[in-house]
Amino acid sequence: MNKRLILLVPLACFLFVGAFFYTALFSDPRELESALVGKPVPEFELPDLLNPSRQLTKQSFGEGHYLINVWATWCPTCRAEHEYLNKLAKLGVKIVGINYKDEPAKARVWLEQLGDPYVLNVQDYKGDLAIDLGVYGAPETYVVDTNGIIVYRHVGDVNERVWRDKLAEKYREAGEVNEL
Amino acid sequence: MSFNRLISIGFAATLGLISLSANATIDAYPFQDESKEAEFKELINELRCPKCQNQTISDSDAGLAKDLKDKTYEMVQEGATKREVIGYMVDRYGNFVHYQPPVQSSTWVLWYGPFAFMLVAFIAIVVVIRQRGKTTTSTVELSAQEKARLDELMKKDDSKS
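Here's a quick rundown of the structure. This is a predicted model, so every value here is computed, not measured. (Residues numbered from 1 in each chain as written. Chains lettered and ligands numbered in written order. Predicted model: local features only at pLDDT ≥ 70, side-chain atom pairs only at ≥ 80, totals over all residues. Heavy atoms only, no water.)

Some words on the packing of aromatic side chains
Put simply, the rule is: Between rings of Phe, Tyr and Trp, where Trp is taken as its six-membered ring, a pair exists when centres lie within 6.5 Å; planes separated by under 30 degrees are stacked, by over 60 edge-to-face, and by other angles tilted. Only protein chains enter the area calculation, which uses a 1.4 Å probe; residues under 20% of their type maximum are buried, those over 50% are exposed, and those in between are partly exposed. Segments assigned H or I by DSSP are reported as helices when at least four residues long, segments assigned E as strands when at least two residues long, and all are numbered from the N terminus.
Enumeration over the complete set of coordinates arrives at 13 aromatic pairs over all chains. For the ring pair Tyr22 of chain A and Phe26 of chain A, a centre distance of 5.2 Å and an interplane angle of 65 degrees mean the geometry is edge-to-face. Among the residues examined, Tyr22 of chain A registers a relative accessible area of 55% and is labelled exposed. Aromatic side chains Phe31 of chain B and Tyr73 of chain B sit 5.0 Å apart centroid to centroid with 80 degrees between the ring planes, which places their arrangement in the edge-to-face category. One end of the pair, Phe31 of chain B, is in the loop between helix H1 (2–27) and helix H2 (34–44); the other, Tyr73 of chain B, is in helix H3 (residues 63–77), and 42 residues separate them in sequence. With relative accessibility at 18%, the residue Tyr73 of chain B sits in the buried group. An aromatic cluster of at least three residues, connected via ring pairs, comprises Tyr29, Phe31, Phe40 and Tyr73 of chain B.

Printed below as a string of C-alpha cells:
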C-alpha cells in the first residue's frame, strides 16, 4: 500500500509542473504587473501640447475620474485605437493624453486630421513623465479614480472588446469611489 | 580568388563597424570618477529592459532602454547609491526590472523551488536504496526453522540419488 503511494510522487510532480506551464502558456508576457497601481498619479510639470506656453501639472486634469492615454504619432497601434478613443470621448469618457516622445508639430497635425478625443494633452517630449508612470511602450491606458489614484493599467490598444471586457467596469468603479 | 578576398575585406569592415558602434555607446556616458563608472556599468548590466523582456538595458537598443540608461547615468552622477537606483526603477516598473527579484511570497517558488525539488529527489533516492537493502538482506538470512527444513530437503535429495 505504501509502495503504491510512492509511485504517485512522480505523477504529482508532473501535474504540478504541468499546471505551472499551462497557466504560463496563456498569460501575456507583455502584460507586466504595474508598480503604479494603487498609487497616485506622479507629480509633473510639462507643457500643454496644443498651447506650449502653458505648463500643466496633474491638477490640470481636474476633478473626477479619467483615463490617461499614452500615445505618439510614431506608434502604429495608437493610430489603430484612435478612432475608438474618439468614440469613447463622444460617449462622455474623460481622456487625458500624454504625447510620448513625439514631435509636437506632427502630434498637432495628427489631432487635427484624426480628431481630438482628449480633454488636454501633456507634451512629454523627453519621456520623463512616462518613466514616472512606468510606461514601457505606447499605447498604454491608465484608469484613475476620483481620488487621483491609478486603479488599472492596460497595455496595448483600446478597442471595443478591451473596453467591454476590462476597462468599462474599472472606469465605472473608479467614478464610484467618492460616493462610498 | 578575388571574390574570397572581397568577402574577407567585407567581413573585416563589418567587424570594424561593430566594434566602433560598441565603443560609441560606452563613450556616450563619460565619467570622471572611476567608482561611479563601475557602479553605472554594474547597474546597466543588472537592470532589465521592460520593453524587450529578456535583455539588460545595457544590451538593448530599445528607446526605453536608452532612457533608463540616461536616467541611471544621471542618478549615479548625482551620487545615488546602487540601491537607490534599483529602488527608483522598481517603484516604477515593478520587480520585473531587476534581474534579482526579492525574496517574497510570490517569488518563493523561484528561490526555494530548486532546493525543494532536490530535497524530493534526495528523499526518493534514500527510500529506493533502503528498500533495495531490505529485500536483499531478507533473502540471505534464514530463520532456524527454515534452515532445519532446508537441511531436511537436502538430505532427502541426497538419499534419492
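After presenting the structure, the write-up continues.
Re the packing of helix H2 (residues 76–90) of chain A against helix H3 (residues 104–114) of chain A
All names here are of chain A. Selection criterion: To obtain each axis, a line is fitted to C-alpha atoms, and for helices this fit is confined to the stretch in contact; angles are then taken between N-to-C directions over 0 to 180 degrees. Throughout, the term roughly parallel applies to angles under 35 degrees, roughly antiparallel to angles over 145, roughly perpendicular to angles from 65 to 115, and oblique to all others. The crossing is said to be left-handed when, going from far helix to near helix, the turn is anticlockwise and less than a right angle, and right-handed when the turn is clockwise. Only heavy atoms enter the contact rule, under which two residues are in contact if any of them lie within 4.5 Å. Any residue outside Ala, Val, Leu, Ile, Met, Phe, Trp, Tyr, Cys, Pro, Asp, Glu, Lys and Arg is labelled polar, Gly included; the first ten of those are nonpolar and the last four are charged.
It is the contact of H2 with H3, at a shortest axis distance of 11 Å, that shows an interaxial angle of 50 degrees. What the angle tells us is that H2 and H3 run oblique. Crossing of H2 against H3: the hand is right-handed. In this structure, H2 uses Cys78, Arg79, His82 and Asn86 to contact H3, whose residues at the interface are Trp110, Leu111 and Leu114. Taken together, the residues of the contact of H2 with H3 sort by class into four nonpolar, two polar and one charged.

What to know about the interface of chain B and chain A
Worth spelling out the cut-off: By convention, the term buried area covers the 1.4 Å-probe accessible surface removed from two parts as they join, with the contributions of both added. Any carboxyl oxygen of Asp or Glu that lies within 4 Å of a side-chain nitrogen of Lys or Arg is treated as forming a salt bridge with it. Polar contacts, as used here, are pairs of N or O atoms within 3.5 Å; protein pairs need one atom able to donate a hydrogen and one able to accept it. Residues neighboring in sequence count only if both atoms are side-chain atoms.
Facing the 19 residues of chain B at the interface are 24 residues of chain A. At the boundary of chain B with chain A, total buried surface from both sides reaches about 1600 Å², with 60% on carbon and sulfur atoms. Taken as a group, Asp67, Arg92 and Tyr93 of chain B account for 31% of the area that chain B buries against chain A, more than any other trio of residues on that side. Summed over the shared surface of chain B and chain A, the result is two salt bridges. With a closest N to O distance of 2.7 Å, Arg92 of chain B and Asp132 of chain A form a salt bridge. Linking chain B with chain A are three residue pairs in polar contact (both at pLDDT 80 or more), by the criterion used here. Top contributing element to the side of chain B that touches chain A by residue count: helix H4 (residues 82–93) of chain B, with five residues.

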